[in-house]
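# Summary of structural features
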Amino acid sequence: AWSAYRSLQRRTALGVDGVTTISADVAQRLTDEVPRLNPERIRPIPLGLDHINLKQVAPGEDIAALADTLTARPFLLVLGNDFRHKNRDFAIRVWEQVLADGTNCDLVLAGLHVKSSSSKVEENALLAEHANLRGTAHTVGHVSPQSREWLLSQAAVVLYPSSAEGFGFVPYEAAALGTPTTFTQFGPLAEISRVVDVPSTWTVDAYARDVTAMLNEPERAEKRVKDLRAIISHSTWDMFAEN
């Protein structure tokens, strides 16, 4: 089924007059997948970001009972379904390293468990071994849009170690609510965000250093938010339409 799906993608790309992509990184991946496709027929047009108009709200009913617990001390937020490329198990290791380095904080994992290509087994194994009293992990599953905004606004830092993205909205959504995000400088996240002081690789130490710095140095966290907000104001849907 996967082979047929990819074959259909290639036939479609070769059968149309032009293809637009949501980032230059996706355009390159399309070129790699369909080498017969004339690159002049591909046009990357990055998405707009000025639709992000999130506000600080109260938690939704789905997590209201946990709200006081979740805000008892600073927490790191991992937002997204547990597809393997979202690297939620890696995020748990990063959190454990932050605790081991002496910074107290909790961890919140929010998102559905998917039926295939899931990191659920690895996550459960890591959480079962957790013994560091500096922090507690909370798995809240799928959350409502209201609770999603509340979590983004209340988190001390958002962990976004995704390794496969076409664009990647979460860091910008968090920044709109004043929350910094750590992510790897790769693909569309490097291309669109232009943030250079983030981890260059997916290593626990690199992420833990970035998280710890933003937890303990307010100016570092503020700079991350400011840098991402600058991209939000620059990337408009009017510009997308004009292109």
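Everything that follows concerns the structure shown earlier in this document.
The rules we used
- Counting starts from 1 at the beginning of each chain's written sequence and moves along it residue by residue.
- Local features in a predicted model are, by the rule used here, given only for residues with pLDDT of at least 70; side-chain atom pairs are given and counted only at 80 or more, and totals for whole chains, interfaces and linings are based on all residues.
- Only hydrogens and water are set aside when side-chain values are computed; all heavy atoms of the structure are taken into account.
- A pocket, in this scheme, is an open set of points on a 1 Å grid over the protein atoms alone with protein on both sides within 12 Å along at least 5 of 7 lines, while a cavity is a set where a 1.4 Å probe fits but cannot get out; residues line either one if an atom lies within 4 Å of a point.
- Grid points are joined across faces, edges and corners, and a volume is the space filled by probe spheres set on the points.
- Secondary structure elements follow DSSP: runs of H or I of four or more residues count as helices, runs of E of two or more count as strands, with numbering from the N terminus.
- The residue classification treats Ala, Val, Leu, Ile, Met, Phe, Trp, Tyr, Cys and Pro as nonpolar and Asp, Glu, Lys and Arg as charged. All others, Gly included, are polar.
- Think of a nonpolar core as a cluster: buried Ala, Val, Leu, Ile, Met, Phe, Trp, Tyr and Cys residues, connected wherever their side-chain atoms sit within 4.5 Å.
- Buried, partly exposed and exposed residues are distinguished by accessible area as a fraction of the type maximum, computed with a 1.4 Å probe on protein chains only: under 20%, between the cut-offs, and over 50%, respectively.
- For this analysis, residues touch if any pair of their heavy atoms sits within 4.5 Å.
- Only rings of Phe, Tyr and Trp enter the pairing, Trp through its six-membered ring, and a pair is recorded when the two centres are within 6.5 Å. The plane angle decides the type: under 30 degrees is stacked, over 60 is edge-to-face, the rest tilted.
- The definition of a polar contact used here is a pair of N or O atoms within 3.5 Å, where within protein one atom must be able to donate a hydrogen and the other to accept one, and adjacent residues in sequence count solely through side-chain atom pairs.
- Any two strands are treated as partners once DSSP identifies two or more bridges connecting them.
- Here, axes are lines fitted to C-alpha atoms. For helices the fit covers the stretch in contact, and angles between N-to-C directions go from 0 to 180 degrees.

## With respect to the layout of surface pockets
Computed from the structure, the largest pocket encloses a volume of approximately 480 Å³. For the largest pocket, the lining is made up of 19 residues, of which Arg 6, Gln 9, Val 26, Arg 29 and Leu 30 are closest to its centre. Residue assignment for the lining of the largest pocket shows that the elements contributing at least two residues are α1 (2-15), β1 (19-21) and α2 (24-33). Here the lining of the largest pocket is composed, by residue class, of eight nonpolar, five polar and six charged. Considered as a void within the structure, the second largest pocket measures approximately 160 Å³ in volume.

## Some points on the nonpolar core
Counting residues in hydrophobic clusters, the biggest one holds 35 residues, and the most contacted among them are Leu 77, Leu 151 and Tyr 172. Where this core is concerned, the elements lending two or more residues are α3 (67-70), β3 (75-79), β4 (106-110), α6 (145-154), α7 (170-176), α8 (187-193) and α10 (218-234). Other than its neighbours up to four places away in sequence, Leu 151 contacts Ile 63, Leu 70, Phe 75, Leu 77, Val 108, Ala 110 and Val 143. In this structure, Trp 95, Leu 99, Leu 126 and Val 211 belong to the second largest nonpolar core, which totals 20 residues.

## Brief notes about the packing of aromatic side chains
Counted according to the given criterion, the structure contains six aromatic pairs. Clustering of aromatic rings is evident, with ring pairs tying together Phe 167, Phe 169 and Tyr 172.

## Some remarks on the side chain of Lys 86
Residue placement: Lys 86 occurs in the loop between β3 and α4 (88-100). Polar contacts involving the side chain of Lys 86 include one to the side chain of Glu 165, which spans 2.7 Å. In contact with Lys 86, not counting residues within four places along its chain, are Asn 81, Tyr 160, Pro 161, Ser 162 and Glu 165.

## Section: empty space enclosed by the protein
As enumerated under the stated definition, the model contains one cavity of 30 Å³ or more in all. Along its surface, the largest cavity is lined by Val 78, Leu 79, Gly 80, Asn 81, Lys 86, Arg 88, Leu 159, Tyr 160, Pro 161 and Ser 162. Of the residues contributing to the lining of the largest cavity, the split by class is five nonpolar, three polar and two charged.

## Let's talk about the sheet that holds β3
Taking strand neighbours across the sheet as the criterion, the five strands line up as β5-β4-β3-β6-β7 in an open arrangement whose pairing is parallel. Edge positions in the sheet fall to β5 (137-141) and β7 (181-182), since each has one partner strand and no second. With five bridges joining them, β3 and β4 adopt parallel strand pairing. Within the sheet, the bridge partner assigned to Leu 76 lies in β4 and is Leu 107. Against the sheet, α6 engages β3, β4 and β6 (157-159), with an angle of about 140 degrees to β3.

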